[in-house]
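Close look at the chain arrangement
Read off the chains here:
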Amino acid sequence: MSELRRILSGEDDRPLLDVCAFAIARIEDHALDESLWLRELSLLASRIRQHDLYERFGFRLAAQVVLFDEWGFRGNEGDYYNPRNSCLHFVLNYRRGNPILLSVLYMELGRRLGVKVDGIGAPGHFLVRVEEDGDDFYIDPFQGGKLREGIEEDVEPSFLEAASQRTILIRMLNNLRLIYLQRQAWGKARQVLDLLLIAEPQDADALRQRAATLAAKHSFGAAAKDLLAYLKIRPFDADKADLESQITRLQRMQSHKN
């Protein structure tokens, strides 16, 4: 988790996407053994390297056959909002996931084989870009490795810029933020919001949402502090009077606990 916190805070830019993805997955699965799944990633990369196509045609075609044709990695369209789709070890195990986690898997396999693979936050959903033989190939892992031909003519260039590790991790956390808040999984939502506030301490929405998770867990004083911080950032919020009333009530409830 320390590597994840350093990257989110902008203190570290080493290639730690896989380690950080497993740290995020531990919010959903406390028993996760990171070392086991790091080995699994390396074994999958070796399988791609050893495929006949790799030596003849390179990473992209070998990865297409191994990942999507043989192993059947696909987007989990039937259960899209399952939090496990945002967990790299579940994606590896069940070969289903959301666009960004399937892209992270593809990127990490490329990195292990010395191939430049960028994550691309294109309109619609996340893609990857592979540089091979002087050409750029845009690939949609969610759609079974579908090649997105002509995308450079159809999409504004700014949408095709490579996403940083930090950007990718924040996007992963925001996916889980939505899921956990909708499911009222307050403890897990709190962990996600704690991390997002490391990335952006002035994220007013995250502060207000974290206050709700804290209040649900009877941490009334901490919830009041988050709402006070929220109002410092948004002093003219339309709900100001209601929020001030909530703060007073939370502070009173905390004093009764003490």
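These notes cover the structure that comes with them.

1. A look at the packing of aromatic side chains
Taken as a whole and judged by the stated rule, the model has six aromatic pairs. With a centroid separation of 6.1 Å and an interplanar angle of 20°, the aromatic rings of Phe90 and Tyr94 are classed as stacked. Of this pair, Phe90 and Tyr94 both sit in helix α6 (residues 88-94), four residues apart, which is roughly one turn of the helix. Every member of this aromatic cluster is reached through a ring pair, and the members are Phe59, Phe68 and Tyr106. A cation sits over an aromatic face here: Arg60 above Phe137, 3.8 Å from the ring centre.

2. As for the nonpolar core
Where a protein is soluble and globular, its nonpolar side chains tend to be buried together. Counting residues in each nonpolar core, the largest one holds 64 residues, and the members touching the most others are Ile48, Phe59 and Tyr106. The greatest single-element share of this core, amounting to nine residues, is contributed by helix α2 (residues 17-28). Counting 16 residues, the second largest nonpolar core, distinct from the first, contains Ala206, Ala211, Leu214 and Leu243.

3. Quick notes on unusual backbone geometry
Despite not being glycine, Asp133 shows a phi value in the positive range, around 55°. Summarising the element assignment, Asp133 is placed in the loop between β4 (127-132) and β5 (135-140). Positive phi values are uncommon outside glycine, yet Gln184 reaches one of about 55°. Counting through the fold element by element, Gln184 comes out in the loop between α9 (165-182) and α10 (186-199). The exposure class assigned to Gln184 is exposed, which follows from its relative accessible area of 54%.

4. Quick look at the state of the cysteines
One pass over the full model with this rule turns up zero disulfides. Cys87 forms no disulfide, and the closest cysteine sulfur to it belongs to Cys20, at a distance of 14 Å. Accessibility expressed as a relative area gives 1% for Cys87, which makes it buried.

5. Here's the deal with the environment of Ile120
Looking at the secondary structure, you find Ile120 in strand β3 (residues 117-120). Placed 131 residues apart in sequence, Ile120 and Gln251 show a C-alpha to C-alpha distance of 45 Å. Once residues within four sequence positions are removed from consideration, Ile120 is found in contact with His125, Phe126, Leu127, Val128, Arg129, Tyr138, Phe159, Leu160, Glu161 and Ala162.

Rules used in this analysis
Residues numbered from 1 in each chain as written. Predicted model: local features only at pLDDT ≥ 70, side-chain atom pairs only at ≥ 80, totals over all residues. Heavy atoms only, no water. Phe/Tyr/Trp six-rings, centres within 6.5 Å; stacked < 30°, edge-to-face > 60°. Helix = DSSP H or I, 4+ residues; strand = E, 2+ residues; numbered from the N terminus. Lys NZ or Arg CZ within 6 Å of the ring centre and 35° of its normal. Core = buried A, V, L, I, M, F, W, Y, C linked by side-chain atoms within 4.5 Å. Buried < 20%, exposed > 50% of the residue type's maximum accessible area, 1.4 Å probe, protein only. Disulfide = S-S within 2.5 Å. Contact = heavy atoms within 4.5 Å.

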